[in-house]
Amino acid sequence: MTHQTAVQGKAGRREWAGLAVLLLPLLLVSMDVSVLYFAVPFISRDLQPSSTQQLWIFDVYGFVLAGLLITMGSLGDRIGRRRLLLIGAAAFSLASLGAAYSHTAGQLISARAVLGIAGATLMPSTLALIRNMFHDPGQRRTAIAIWTSATMSGIALGPVLSGLLLNHFWWGSVFLINMPFMVMLLVFAPVLVPEFRAPQPGRFDLLGSVLSLGAVLPAIYGIKEIAANGLDPARAACIAAGLAVGVAFIVRQARGSAPMIDLKLFRSRGFSGSVAMNLMSMFAIVGFAIFTTQYLQSVLGMRPLTAALWSLVPMAGTMLAGPLTRMLVLRVDRAFIAAGGFLIAGAGFAALTRLHPQSPIWFILIAATIYAGGIVGVMTVSTELTMAAVPPERAGAAAAVVETATEFGGALGMAVLGSIGIAAYRSTLMATAPAGTPPHALAAARDTLGGAVTVAGQLPGHIGSGLLEAARTAFTHGLDQAAFGAAAVMVLAAVLSAVFFRGVRVESPAAVAEEQQTDAHPQLAA
């Protein structure tokens, strides 16, 4: 039997060592979103997936993870967050092994789906356990800043790690790299991470779990399909179906005796506003990421691994943002810190509206460092407010809501900013393509910048070079327009944060009262 850590006071060396252990699954789950970027050509050669299967190899992980976050957050509150974390780590390891040695596209898709299921157990558990391990506001602020930076770093490191592994090993190595870290988690977490479960959680709501999955999956799918292929009735119907099921889910939560999500949490400005801040932050940073990657590769002509290494530069902004935010919250109202972070991010995006194909590389990297730093500062504040606004026994469900909002924000950003960029790219290309460009070549170039680069190399003389120059200029114009859209959203978010969060306390009275009640009756957890 292990005594649950629920005593108010300063965390010691064991808790900080436990935080380091919790970062292992966090980094791997966030890396798994982007680790396939460079592996696709090798997978295509060996497994020969159809175009539809190739899309599902990419997307099924994110779809399943997003759809099950709320379910797993609620389940962890009931069976124990550390127990769920360990179960998820074991499943993640086995699924990674299955993915690495898949012999068909169908097997790889299935393994990626299981990885998504396991990943959904890991993300809310890590954040909820931080809430249980760090009761001192200052220490919790530091822990959450580290957690936020690790999440962003994992996404950035995924392509680099993938490129390095593929230079020396076969494509399955991008999955096998997960296993030693998950084994470390399985060994050290039982020693360093305390168990926690809600004292009186009630029965698990199986129908509510199905409804949450039915709400999130079609909505995320519809949004991503619109981002990739444009709006049509079927994709709009997916989003509408998700919203309808979402309404049914909310009604059930409002009427249930043991809801998966306590809707009363949304009465707290700290909680509901923080969820909205996370959504808007990921809207901008995920929605714009594809433009930065394509600019480095297809406009500046970098090799994939070189582009990935250069894309690590903006991590400097994320590393500075965490410590700076921790210092500022001691002296400045969090409303103004969040607003300032959004304005800094907006300034970075605004700078990118001046980008052109001949811009030096330092220009885009500095601008990206600025907006990444601003957004990480915002997310540090928002995550701290979220976790401080809820009592420990509800931290799992609350963390799941935050992560679900993050997934929705990223999908919305890809759809909206992607649509803006694509529309600007296509209209500019059609107006500037050189006369005499064959219709089939123009059609291919109109679809994507990558298609334009490929087809331009197959055309003779000045037509090929002219089409390539026109495509690069058109893409950069689309990037400028998307950056303008992101900057506008950041300014709006800054205004809302300054108004909405002003005077919000880190610890709500209700949360403190419930935490003290919980601390007075520490449970024993197996």
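Position labels on residues start from 1 in each chain and follow its written sequence. Whole-chain, interface and lining totals are the exception, using all residues; otherwise, since this is a predicted model, local features are given only for residues with pLDDT of at least 70 and side-chain atom pairs are given and counted only at 80 or more. To obtain the side-chain values, all non-hydrogen atoms of the structure were used and water was disregarded.

Q: Explain the overall build of the protein residue by residue, including any values.
A: Put simply, DSSP marks the helices as runs of H or I at least four residues long and the strands as runs of E at least two long, and each gets a number from the N terminus on. Across its full length, the protein holds 20 helices and 2 strands. Note on exposure labels: buried denotes an accessible area under 20% of the residue type's maximum, exposed denotes more than 50%, and partly exposed covers the range between, all computed with a 1.4 Å probe on protein chains only. For the protein, with 526 residues in total, the buried portion stands at 56%. Here, residues are in contact when the closest pair of their heavy atoms is within 4.5 Å. Across the protein, every contact between residues at least 6 apart in sequence was considered, and the portion connecting residues at least 24 apart equals 84%. Note on areas: Shrake-Rupley, 1.4 Å probe, and residue coverage restricted to the protein chains presented here. Accessible area of the protein: about 21100 Å², with a carbon and sulfur share of 68%.

Q: Residues and numbers for a nonpolar patch on the surface, please.
A: Residues Phe181, Val183, Met184, Val187 and Phe188 make up a contiguous nonpolar surface patch of about 410 Å² in total accessible area. Checked against the element boundaries, Phe188 lands in helix 8 (residues 178-192). Looking at Phe188, the relative accessible area reads 40%, which means it is partly exposed. Patch criteria: residues need more than 30% relative accessible area and no salt bridge. Like-charged residues are merged within 9 Å; nonpolar side chains of Val, Leu, Ile, Met, Phe, Trp and Tyr are merged within 5 Å. Within this document, salt bridges are pairs made up of a side-chain nitrogen of Lys or Arg and a carboxyl oxygen of Asp or Glu, the two lying within 4 Å of each other.

Q: Explain the side chain of Thr380 to me, and be specific about the residues and the numbers.
A: Relative to the assigned elements, Thr380 resides in helix 15 (residues 361-388). Judged by its relative accessible area of 1%, Thr380 is buried. Only 2.8 Å separates the side chain of Thr380 from the backbone oxygen of Val376, close enough to count as a polar contact. Pairs of N or O atoms are called polar contacts if they sit within 3.5 Å, as long as, within protein, a hydrogen donor faces a hydrogen acceptor (for residues adjacent in sequence, only side-chain-to-side-chain pairs).

Q: If you had to explain the packing of helix 5 (residues 105-133) against helix 6 (residues 137-166) to someone new, which residues and values would you point to?
A: In the contact formed by helix 5 and helix 6, the axes pass within 10 Å of each other and the chain directions differ by 160°. By the angle between their directions, the pair helix 5 and helix 6 is classed as roughly antiparallel. Crossing of helix 5 against helix 6: the hand is right-handed. For the pair formed by helix 5 and helix 6, the contact residues are Met123, Thr126, Leu127, Ile130 and Arg131 on the first element and Arg140, Ala143, Ile144 and Trp147 on the second. Among the residues forming the contact of helix 5 with helix 6, the class breakdown is 6 nonpolar, 1 polar and 2 charged. Fitted lines through C-alpha atoms give the axes, limited to the stretch in contact for helices. The angle between two N-to-C directions lies from 0 to 180 degrees. For classification, angles of less than 35 degrees are called roughly parallel, those exceeding 145 degrees roughly antiparallel, those between 65 and 115 degrees roughly perpendicular, and all remaining angles oblique. Helix crossings get a hand from a simple test, with the near helix turned counterclockwise from the far one by less than a right angle marking a left-handed crossing and a clockwise turn marking a right-handed one. Three categories are distinguished: nonpolar for Ala, Val, Leu, Ile, Met, Phe, Trp, Tyr, Cys and Pro, charged for Asp, Glu, Lys and Arg, and polar for the others, with Gly belonging to the last.

Q: Give me the lowdown on helix 17 (residues 439-447), citing residues and values where you can.
A: Along helix 17, the residues classified as buried are Ala441, Leu442 and Ala445. What you see down the axis of helix 17 is that its buried residues fit within an arc of 100°, all on one side. Facing away from the buried surface of helix 17 by more than 90 degrees, the exposed residues are Pro439 and His440. Within this analysis, the arc is defined by the directions that extend from the helix axis to the C-beta atoms.

Q: Any chance you could break down the pattern of salt bridges for me, citing the residues and the numbers?
A: By the definition in use, this model includes 1 salt bridge. A salt bridge links Asp232 to Arg235; its shortest N-O distance comes to 3.5 Å. In this structure Asp232 comes out as partly exposed when scored by relative accessible area, which is 25%.

Q: Quick one: what's the story with the nonpolar core, residue by residue and with numbers?
A: Counting 71 residues, the largest nonpolar core has Ile43, Phe92, Leu108, Ile130, Trp171 and Phe175 as the members making the most contacts within it. No other element matches helix 5, which puts 14 residues into this core. Residues within four places of Phe175 in sequence aside, it is in contact with Leu36, Ser96, Ala99, Ala100, Leu108, Arg112 and Leu115. Put simply, buried Ala, Val, Leu, Ile, Met, Phe, Trp, Tyr and Cys residues joined by side-chain atoms within 4.5 Å make one nonpolar core.

Q: Any chance you could break down helix 13 (residues 315-328) for me, citing the residues and the numbers?
A: The terminal C-alpha atoms of helix 13, which comprises 14 residues, lie 20 Å apart, in line with the 20 Å expected from a rise of 1.5 Å per residue. Where helix 13 is concerned, the buried positions are Met315, Gly317, Thr318, Ala321, Gly322 and Thr325. A helix's residues, less one, multiplied by 1.5 Å, set its expected span.

Q: Residues and numbers for the packing of helix 11 (residues 269-299) against helix 14 (residues 334-352), please.
A: Between helix 11 and helix 14, whose axes approach to 12 Å, the crossing angle comes to 20°. With respect to each other, helix 11 and helix 14 are oriented roughly parallel. Note that helix 11 runs across helix 14; the crossing there is left-handed. Facing Met277, Ser281, Ala284 and Phe288 of helix 11, the residues of helix 14 in contact are Ala338, Phe342, Phe349 and Leu352. Partitioned by chemical class, the residues of the contact of helix 11 with helix 14 number 7 nonpolar, 1 polar and no charged.

Q: Give a description of the environment of Gly348 that names residues and reports values.
A: With respect to the helices, strands and loops of the structure, Gly348 is situated in helix 14. The class for Gly348 is buried, based on a relative accessible area of 0%. For the pair Gly348 and Ala367, spaced 19 residues apart in sequence, the C-alpha to C-alpha distance is 4.6 Å. With near-sequence residues (within four places) excluded, Gly348 lies in contact with Ala367, Ile370 and Tyr371.

Q: Run through the environment of Ile144, naming residues and quoting values.
A: Mapped onto the fold, Ile144 is located in helix 6. Ile144 sits in the buried class, given a relative accessible area of 0%. Residues Ile144 and Glu384, 240 residues apart in the sequence, show an inter-C-alpha distance of 6.4 Å. Every residue in contact with Ile144, bar those within four places of it in the chain, is listed here: Ile130, Thr380, Thr383, Glu384 and Met387.

Q: Please give an account of the confidence of the model for the protein that cites residues and values.
A: The predicted model of the protein averages 78 in pLDDT, with 87% of residues at 70 or higher. Within the protein, strand 2 (residues 524-525) has the poorest average pLDDT of any element, 36, and helix 14 the best, 90. Here residues 1-7 is modelled with pLDDT under 50, and outside its nearest four sequence neighbours on either side it reaches 18 contacts, counting other chains as well. A residue's pLDDT is the confidence the predictor assigns to it, expressed on a 0 to 100 scale. Low confidence marks residues 508-526, where pLDDT is under 50. Its contacts with residues over four positions away, or in another chain, come to 36 contacts.

Q: Please provide a residue-by-residue account of the side chain of Thr71, values included.
A: Tracing the backbone shows Thr71 in helix 3 (residues 51-79). Within the structure, Thr71 has its side chain in polar contact with the side chain of Ser212 (distance 3.4 Å). Once residues within four sequence positions are removed from consideration, Thr71 is found in contact with Phe204, Ser209, Ser212 and Met260.

Q: An account of the packing of aromatic side chains is requested, with residue identities and associated values reported.
A: The pairing test for Phe, Tyr and Trp rings, Trp by its six-membered ring, is centres within 6.5 Å, and the orientation test on the planes gives stacked under 30 degrees, edge-to-face over 60, and tilted for anything in between. In total, this model carries 8 aromatic pairs according to the counting rule given. Measuring from centroid to centroid gives 5.4 Å for Phe288 and Phe349, while their planes differ by 75°, and the two rings are edge-to-face. Remark: Phe349 occurs in helix 14 and Phe288 occurs in helix 11; sequence separation between them is 61 residues. Its relative accessible area of 0% is what places Phe349 among the buried residues. Here the aromatic rings of Phe288 and Tyr371 are separated by 6.0 Å at their centres, their planes lie at 85°, and the arrangement is edge-to-face. Of the two residues, Phe288 sits in helix 11 while Tyr371 sits in helix 15, which places them 83 residues apart along the sequence. Using a relative accessible area of 6% as the deciding quantity, one classes Tyr371 as buried.

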